[in-house]
Each structure stands twice: as structure tokens, then as C-alpha cells.
Amino acid sequence: MKIKKATAMCAVLSGIMFGGAVTVSTPASASSKDQVTIYLTRHGETTGNVMQRVQGSSDFPLTKNGIEVANDLGYGLKGIKFKHAYTGNLTRQEVTAQHVLKYSNNKGTKITTTPKLREGGYGSFEGDSIAADNQKIANVYGYQDGKEFQQATGKDYWNKLQDAYYKLDSENSQNTNLAKSDRAESAKQVQKRMGSELLHIAKTTQKQGGGNVLVVSSGMSINEYLSTMTNKYEGKPMQNAAVTKLVYKNGKFKVQGPIGTLHYVNKGQKIAADK
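Report on the accompanying structure. (Residues numbered from 1 in each chain as written. Predicted model: local features only at pLDDT ≥ 70, side-chain atom pairs only at ≥ 80, totals over all residues. Heavy atoms only, no water.)

**Details of the packing of helix α2 (residues 64–76) against helix α3 (residues 91–103)**
Relative orientation of the contacting elements α2 and α3 amounts to 40°, with a least axis distance of 7 Å. What the angle tells us is that α2 and α3 run oblique. Here the hand of the crossing between α2 and α3 comes out right-handed. Side by side, α2 and α3 meet where Ile67, Ala70, Asn71, Leu73, Gly74 and Tyr75 of the first sit next to Thr96, His99, Val100 and Tyr103 of the second. When the residues that make up the contact of α2 with α3 are grouped by side-chain class, the tally is six nonpolar, four polar and no charged. (Axes fitted to C-alpha atoms, helices over the stretch in contact; angles between N-to-C directions. Helix = DSSP H or I, 4+ residues; strand = E, 2+ residues; numbered from the N terminus. Parallel < 35°, antiparallel > 145°, perpendicular 65-115°, else oblique. Left-handed = near helix turned anticlockwise from the far one by under 90°. Contact = heavy atoms within 4.5 Å. Nonpolar A, V, L, I, M, F, W, Y, C, P; charged D, E, K, R; others polar.)

Written out as C-alpha cells, the structure reads:
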């Protein structure tokens, strides 16, 4: 079987950075047996990824390669029992979860969809060529071009990109008639909804005795969220089907292991190749 390379993230985000772990109060009776492990996962490759389009809230489907990568991830996660699965309300997120659960022997696991886990919205810029938007985004911050902008901003890059779309769309630079609620989100808005939903998932699962949860979202929204809650965050592009493990215990979220690892995909590719 030919090994497939996951497509790098093709949209972007920005905003205020927050350090430290997210902390909330939990009952004193909570113990290690109530630990929740969230496998925070990016969806498989889409037609929008291949065409280098700004996807955001637009519903681009998975490609053949995207489905195969989701299958590989499933194989790589075999042996892990998922109590529940949550996804954004976009086809690419839900279909990825379906394939992961099927091939990891968790086919009966319930999937809950929620708009809070969707990709960051890009409003009037949805469906644009990323290359065509690069210059507009760079100009917001006074950079010569997209390459200079990315090199200069480092791990802040994704958040600043999201906020640039938010600023331009707020000013109606595209001259569209979109309602305010349909326009681009800011990084802070994405961070807030992602954070609140992941906390809800963790607390709900903890009340049920803890366990493992599959969460499928998108690369930009995952990056934006991670930028707020761990000093491990380096701002690297999130590959398709990459996994970041979040452990919720004693009222705190912590990243366990590397951010955006392809370990499970690579493991699954080897298993699939031997079949």
C-alpha cells in the first residue's frame, strides 16, 4: 500500500495568546479513575485542501485519500475503547470520525455533532484561493507578502491570520451583503467556543466515570485553541488526521505527548498494508 502524506493545513487563524493550563474547579471526590483522555484530531484531506481553498465553515468533502487516511488512523487507534465521539457539524469532520470509529473497532460508539467544534469561519472569504488572499492578509499587518508575514510572526501566525480575516470582513473589504452573524470569526471567538465545548465534553465524560473520547475538529480551530492552554505550542501546521492527546484530571487540561502527531496514522498504514 502506498503511504499517503497528510495535507498540511490550508487556512489560518490569529489573536491574543494565553499561557498556562486551563483550570476549573471539580468536586473533591474526583479521583484518577475519573481521568478523561481526549484524542483531539484533525479531519482527513478534503477537496478544499487539494485545491488550496479557504474552507472555514464551507462544507468541502473528503477526498479518496482523505478517507484512506481516516481509515489508517482508525487502524492505528485499535485497542483504544472510545466512550463517545464528538465532531464539528461539517461533513469532513463527521465522516472522518465515522471511519476512525469503524476501523478502530468502535463502530457502535455514538457521535455527537456540534457547531462549536467546526473550523473557524471566514465569512466573505470562504472558498477563496489561499494564494490570492495572502497579500491582503499580509497588508493588514504591514508585511510585504505572505511569506514574510509567516516568518515574522512564528507561532502567532495562525491566530493573526484569523484576526486579519475578521478585520477585513468587518470592514466589508469584499463588498458583500453577508449578515454580521455570517462574517469571519476572530481568533478569540474560535478559542472561546472550542475551549467551552472541550471542557463540557471532559466534565460530562468525567461524570460518567472517565474514559477515552474521540474529538474531530479542524486544523485552524485546533491550533487556535492549543495556543491558549499549553507552553508546548509551537504553531506548526496541523496535518490531516494528526492527533493531540488532552488529559483532563483534577480540574485541569494537560497535553500528553506531542502536538499533532501522525504516530497513529503511520502505525495504521503499516497495519493496513499487511492486510
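**Here we look at the sheet that holds strand β2 (residues 82–87)**
Ordered by their spatial adjacency, six strands build an open sheet running β3-β2-β4-β1-β5-β6, and the pairing between neighbours is mixed. Because the sheet does not close on itself, it has two edges, and the strands there are β3 (111–113) and β6 (252–261). In this sheet, neighbouring strand axes are inclined to one another by 20° on average, regardless of whether the strands run parallel or antiparallel. Sheet analysis places strand β5 (residues 243–249) next to β6, joined by six bridges and oriented antiparallel. Counted as the bridge partner of Leu246 is Val255 from β6. The strands touched by helix α8 (residues 219–226) within the sheet are β1 (36–42), β4 (211–217), β5 and β6, with β1 carrying the most contacts at an inclination of about 135°. (Pairing = 2+ DSSP bridges.)

**Overview of the pattern of salt bridges**
As enumerated under the stated definition, the model contains seven salt bridges in all. Put simply, Glu185 and Arg118 hold a salt bridge, and the shortest N to O gap is 3.5 Å. With Glu185 in the loop between α6 (157–170) and α7 (187–207) and Arg118 in the loop between β3 and α4 (130–140), the pair connects residues that are 67 residues apart, well separated along the chain. Among the residues examined, Glu185 registers a relative accessible area of 10% and is labelled buried. The residue Glu234 makes a salt bridge to Lys236 at a minimum N-O spacing of 3.2 Å. (Salt bridge = Lys/Arg side-chain N within 4 Å of Asp/Glu carboxyl O. Buried < 20%, exposed > 50% of the residue type's maximum accessible area, 1.4 Å probe, protein only.)

**Describing the nonpolar core**
Grouped burial of nonpolar side chains is what soluble globular proteins tend to show. Counting residues in each nonpolar core, the largest one holds 39 residues, and the members touching the most others are Ile38, Leu198, Val215, Tyr225, Leu226, Leu246 and Phe253. Those elements giving two or more residues to this core turn out to be β1, α4, α6, α7, β4, α8, β5 and β6. Not counting residues within four places of it along the chain, the set of residues in contact with Leu246 comprises Val36, Thr37, Ile38, Leu40, Leu198, Tyr225, Leu226, Met229, Phe253, Lys254 and Val255. Among the nonpolar cores identified, the runner-up in size contains 17 residues, and Tyr39, Val100, Leu214 and Ala241 belong to it. (Core = buried A, V, L, I, M, F, W, Y, C linked by side-chain atoms within 4.5 Å.)

**Considerations on the packing of aromatic side chains**
All told, the structure shown has 10 aromatic pairs when counted by the stated rule. In textbook terms, an aromatic cluster arises when at least three aromatic residues are bridged by ring pairs, as seen for Tyr141, Tyr143, Phe149, Tyr157 and Trp158. (Phe/Tyr/Trp six-rings, centres within 6.5 Å; stacked < 30°, edge-to-face > 60°.)

**Notes on helix α9 (residues 263–273)**
Within the sequence span of α9, burial applies to Tyr264, Val265, Gly268, Gln269 and Ala272. Here the buried residues of α9 occupy an arc of 140° about the axis, which is enough to place them on one side. Buried residues along α9 sit in contact with β1, α2, β5 and β6. (Arc of directions from axis to C-beta.)

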